[in-house]
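Remarks on the overall topology
This is what each chain is made of:
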Amino acid sequence: MAGPGGAPTEAVLHDGTVVRFRPIEPADAPLLEDGLARLSERTRRLRFHSAVTHLTDAQLRHLVDVDHHDQEALIADLLEDGAYRGVGVARYARRSPDDDAPEFAIVVEDAVQGRGIGRWLLRALFATARVNGFTRLTAEVLAENDRMLRLLREESAGLELSRVAGAYHVELELPEA
Ligand SMILES: CC(C)(COP(=O)(O)OP(=O)(O)OC[C@H]1O[C@@H](n2cnc3c(N)ncnc32)[C@H](O)[C@@H]1OP(=O)(O)O)[C@@H](O)C(=O)NCCC(=O)NCCS
């Protein structure tokens, strides 16, 4: 199913499981907190570039309180046993009013990685960023993160990488809807 600008709001994974994508809301703070505790150390390091173990109340508020334009965050909810469960989040945020390539990041819980959720969540985020008027996004991706780099090559319309110490600064062109 697609929302504004063709952004997917729901997808069916190869194994038949349904996943839906929805904008984050303040009530998702406990989900982010609990979700962080379910991430392996490696996943936390790949996402935050350090093995973050705890988010302060102020950090949580900042992460859930987005304006849905200059900053957006989408939750991936997996349908399991008749109920939806948040298993991933992707976000972008403009750093200043004249920033035309907001920075983005994504994470999917270890237990459900490799099933196609990250790919669909990225598509949903990219399409939403397009709807909100952006044509480019940036990211900092650790050089060892082959899976993410491959995913970005496949899902963007063009990718520029510049190596900064142990990471790549990635600038990508968003695909047309
Ligand atoms: C990167 C990440 C978001 C991808 O999410 P995911 O749900 O695991 O990704 P998908 O299942 O959609 O897989 C995407 C591609 O990764 C590759 N992939 C999947 N499983 C893999 C594995 N076990 N080993 C290597 N590559 C794999 C495949 O190319 C796959 O494409 P396919 O759909 O053709 O199989 C997720 O692995 C994650 O949260 N990693 C830690 C945090 C992180 O690296 N964030 C990025 C920092 S910006």
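Heads up: the structure comes first, above all this text.
If you look at the biggest cluster of nonpolar residues, it comprises 38 residues, and the most contacted ones within it are L74, A76, I117, L121 and L125. Counting residues per element, this core draws most heavily on helix 4 (residues 117-131), at 9 residues. With residues up to four places along the chain from it excluded, the contact list for L125 reads L74, A90, Y92 and F104.

With 0 of 7 residues buried, strand 7 (residues 158-164) lies mostly on the surface of the structure. Here strand 7 runs beside strand 8 (residues 167-173); their pairing, made up of 7 bridges, is antiparallel. Residue pairing for strand 8: E160 is matched across the bridge by E171. Following strand 7, the chain reverses through 2 residues before pairing antiparallel with strand 8; A165 in that reversal takes a positive phi of roughly 50 degrees.

A separate point is the site of the ligand. Neighbouring the ligand are 21 residues; L46, Q113, G114, G118 and R119 lie closest to it. Mapped onto the shell around the ligand, the elements with two or more residues apiece are helix 2 (41-48), strand 5 (103-108), helix 4, strand 6 (136-142) and helix 5 (146-155). Among the residues making up the shell around the ligand, the classes are represented as 10 nonpolar, 6 polar and 5 charged.

Right, let's talk about the pairing of strand 4 (residues 83-93) for a bit. Across 10 bridges, strand 3 (residues 71-80) lies against strand 4 in antiparallel orientation. The residue bridging A76 from the neighbouring strand is G88, located in strand 4. A loop of 2 residues connects strand 3 with strand 4, the two strands running antiparallel in sequence, and D81 in this loop sits at a positive phi of about 50 degrees. Bridge analysis of strand 4 against strand 5 gives 6 bridges, and the strand direction is antiparallel. Residue pairing for strand 5: V89 is matched across the bridge by V107.

Running from N to C, helix 1 (residues 29-38) and helix 3 (residues 57-64) point in directions that differ by 115 degrees, and their axes come no closer than 9 Å. Between helix 1 and helix 3 lies a crossing whose hand is right-handed. Contact residues: A29, L32 and E33 in helix 1; L60, L63 and V64 in helix 3. Here the residues of the contact of helix 1 with helix 3 are counted per class, giving 5 nonpolar, no polar and 1 charged.

So, how was this worked out
- Residues numbered from 1 in each chain as written.
- Predicted model: local features only at pLDDT ≥ 70, side-chain atom pairs only at ≥ 80, totals over all residues.
- Core = buried A, V, L, I, M, F, W, Y, C linked by C-beta atoms within 7 Å.
- Buried ≥ 20, exposed ≤ 12 C-beta atoms within 10 Å, placed from the backbone.
- Helix = DSSP H or I, 4+ residues; strand = E, 2+ residues; numbered from the N terminus.
- Contact = placed C-beta atoms within 7 Å.
- Pairing = 2+ DSSP bridges.
- Near = placed C-beta within 6 Å.
- Nonpolar A, V, L, I, M, F, W, Y, C, P; charged D, E, K, R; others polar.
- Axes fitted to C-alpha atoms, helices over the stretch in contact; angles between N-to-C directions.
- Left-handed = near helix turned anticlockwise from the far one by under 90°.

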